[in-house]
Amino acid sequence: MSEKITIYDIAERLNITAATVSRALNNNPKIKESTRKLVIETAAAMNYKQNRLALALQSGRSNNVGVIVPRIDSNFFASVIRGIEEELHPHGFHVIICQTHENPKRENENLHTLLDAQVDGILMSVTDVTNENDTAFMNIVNNNVPLIFFDRKKDINGVSSVTIDDFKGGYETTKHLINQGCKSIAHFSGDQSLEIFKNRFLGYKQALLDSGLTFDEKYVIQSKSSVDAGKEALDILMQYDTPPDAIFSSSDFAALGAIQELRARDINIPADFCVAGFSNEPFTKFMELSITSVDQSPLEMGKMAARVFLEQMEKTDKIMIEKKVVLKPELHIRKSSARTTH
């Protein structure tokens, strides 16, 4: 195995000092352009690799940003990551992606690993709202490392966030179903310990009350974001003496499961039963029976989170300005809920 090339090897080859090589590689303005060019060409020819961690310790910046998501095999989080990268790459930042798999311990490990790697900031969607990782979050803040939450957030002093108005999304979707003539609307809710699912539920409930419809807790079923979970939740609803005539689901996947189960029961959609989801997953618009859904603007969310980070990096006084960005949800009305006659 060949020995690692150092700046001393380059200096010996060019008969100059190691300090001159170091300054040339780091674009020091005191070094002549001809010398800088010669050093860079020689370093490349000798296959020299700079130690990024050493550079980070020396300059105080690594040009790496950590991104933590529950999972990357989701169109929503993949689109957020794309938005972050598109915004940060022109500024010379590289993205390190970590997954929590909805596990607080994995989240904690990711936070410590990224901090040890000298990242310049961490952009993340939290796993849950327990206090298990509060110490890790405060450790990041106390180290003056920008921490920005997106989609799922915790309220921590000095920490910025980028979310959408989940309450409004839930409210407008439920009002749409009411306007289609639906009288008994069920709700598939995610884990309401997470603010996003709590707010979607509250929007749903408020729309019912504002429209003079009865709110009944038995029509609210906590469901995971999966097709099977949607089928199981629909099966529970249909066993009631008075089953609902519509569903607002916090998940497009659960909405799809409900639709599949309704069709298996020969229930006409949307004439006899309307369904709406949340997230605007790609499949919702490409199906024969396209699904009404709320767009969360993940690409814009990622870009905005990156912009908030860049603003904080520009603060020379190291004072973190807390910013709460709330994006507007957009309801896409499709065949699963659009009745031609009421």
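From a predicted model like this one, the values you see are computed outputs, not experimental measurements.

**Student:** Sorry if this is basic, but what is going on with the sheet that holds strand β3 (residues 121-124) here?
**Tutor:** Ordered in space as β2-β1-β3-β4-β5-β11, the 6 strands form an open sheet in which the pairing is parallel. The outermost strands of the open sheet, each flanked by one partner alone, are β2 (94-99) and β11 (324-327). Across the sheet, the mean angle separating the axes of adjacent strands is 15 degrees when strand polarity is ignored. Relative to β11, strand β5 (residues 160-164) runs parallel, the two sharing 4 bridges. Residue pairing across strands places threonine 163 opposite valine 326, the latter belonging to β11. Contacts from helix α5 (residues 75-88) reach β1 (64-69), β2, β3 and β4 (147-150) within the one sheet, and its direction differs from that of β1 by about 170 degrees. In the packing of helix α13 (residues 298-313) onto the sheet, the strands contacted are β1, β3, β4, β5 and β11, and the crossing angle to β5 comes to about 165 degrees.

**Student:** What is the right way to read the packing of helix α2 (residues 18-25) against helix α3 (residues 33-45) from this model?
**Tutor:** For any two helices packed against each other, one specifies the inter-axial angle together with the distance between the axes. Between α2 and α3, whose axes approach to 9 Å, the crossing angle comes to 95 degrees. With respect to their mutual orientation, α2 and α3 come out roughly perpendicular. Across from Thr20, Val21, Ala24 and Leu25 in α2, the residues of α3 making contact are Thr35, Arg36, Val39, Ile40 and Ala43. Taken together, the residues of the contact of α2 with α3 sort by class into 6 nonpolar, 2 polar and 1 charged.

About the cut-offs
- Residues numbered from 1 in each chain as written.
- Predicted model: local features only at pLDDT ≥ 70, side-chain atom pairs only at ≥ 80, totals over all residues.
- Heavy atoms only, no water.
- Pairing = 2+ DSSP bridges.
- Helix = DSSP H or I, 4+ residues; strand = E, 2+ residues; numbered from the N terminus.
- Axes fitted to C-alpha atoms, helices over the stretch in contact; angles between N-to-C directions.
- Contact = heavy atoms within 4.5 Å.
- Parallel < 35°, antiparallel > 145°, perpendicular 65-115°, else oblique.
- Nonpolar A, V, L, I, M, F, W, Y, C, P; charged D, E, K, R; others polar.

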